[in-house]
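# Per-entry structural report
The chain contents come next:
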Amino acid sequence: MGAALTRYRVIAWIVGVVLILLVVIGMPLKYAFDNPVVVETIGPAHGFLYMIYLVAAFDLSRRADWPLKRMLLVMLAGTVPFVSFYAERRVSAWVAAPQQEQAPEPVAR
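For clarity, every value in this text was computed on a predicted model and none was experimentally measured.

This part is about the UniProt feature "transmembrane region" (unreviewed entry) in the protein chain. The residues that UniProt annotates with the feature "transmembrane region" (unreviewed entry) are residues 12–31, 37–58 and 70–87. Between the end C-alpha atoms of residues 37–58 there is a gap of 32 Å, over a span that is 100% helix and 0% strand. The straight-line gap between the two end C-alpha atoms of residues 70–87 is 11 Å; of that span, 67% is helix and 0% is strand.

As structure tokens, this is what we get:
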């Protein structure tokens, strides 16, 4: 499950950064300065990367055996600026918690 978590974490950060660029730079340029070049470039890139994000989130959710509600909330996190970063931290904690419970305790000698 470690590889699935790594894939998810990487794409969550990429989608988050691209979405912030789109919203913070692209949208003001398009609507305030009538220059849609950033939106026309980054918009489709975000759409493509978001599809990869959905696949990575679905893969991780199936491996971690999450309930449907959690999976859907994590998938939606890539649509709201800054939320994918929060979701990435939460997902990392959710995946790490069961692994820490299963780790054997060291034997004192």
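Still more ground to cover, so stick around.
By secondary structure assignment, the location of R63 is in helix 2 (residues 37–64). Within the structure, R63 has its side chain in polar contact with the side chain of D59 (distance 2.8 Å).

With that settled, consider helix 3 (residues 68–76). Side chains that are three or four residues apart share a direction in an α-helix, a result of its 3.6 residues per turn. Where helix 3 is concerned, the buried positions are M71, V74 and M75. Around the axis of helix 3, the buried residues are gathered within 100° of arc, so they sit on the same side. Exposed residues lying more than 90 degrees from the buried face of helix 3 are K69, L73 and L76.

The rules behind each value
- Residues numbered from 1 in each chain as written.
- Predicted model: local features only at pLDDT ≥ 70, side-chain atom pairs only at ≥ 80, totals over all residues.
- Heavy atoms only, no water.
- UniProt positions renumbered as here; feature names shortened; annotations may be inferred.
- Helix = DSSP H or I, 4+ residues; strand = E, 2+ residues; numbered from the N terminus.
- Polar contact = N/O pair within 3.5 Å; in protein donor to acceptor, adjacent residues only side chain to side chain.
- Buried < 20%, exposed > 50% of the residue type's maximum accessible area, 1.4 Å probe, protein only.
- Arc of directions from axis to C-beta.

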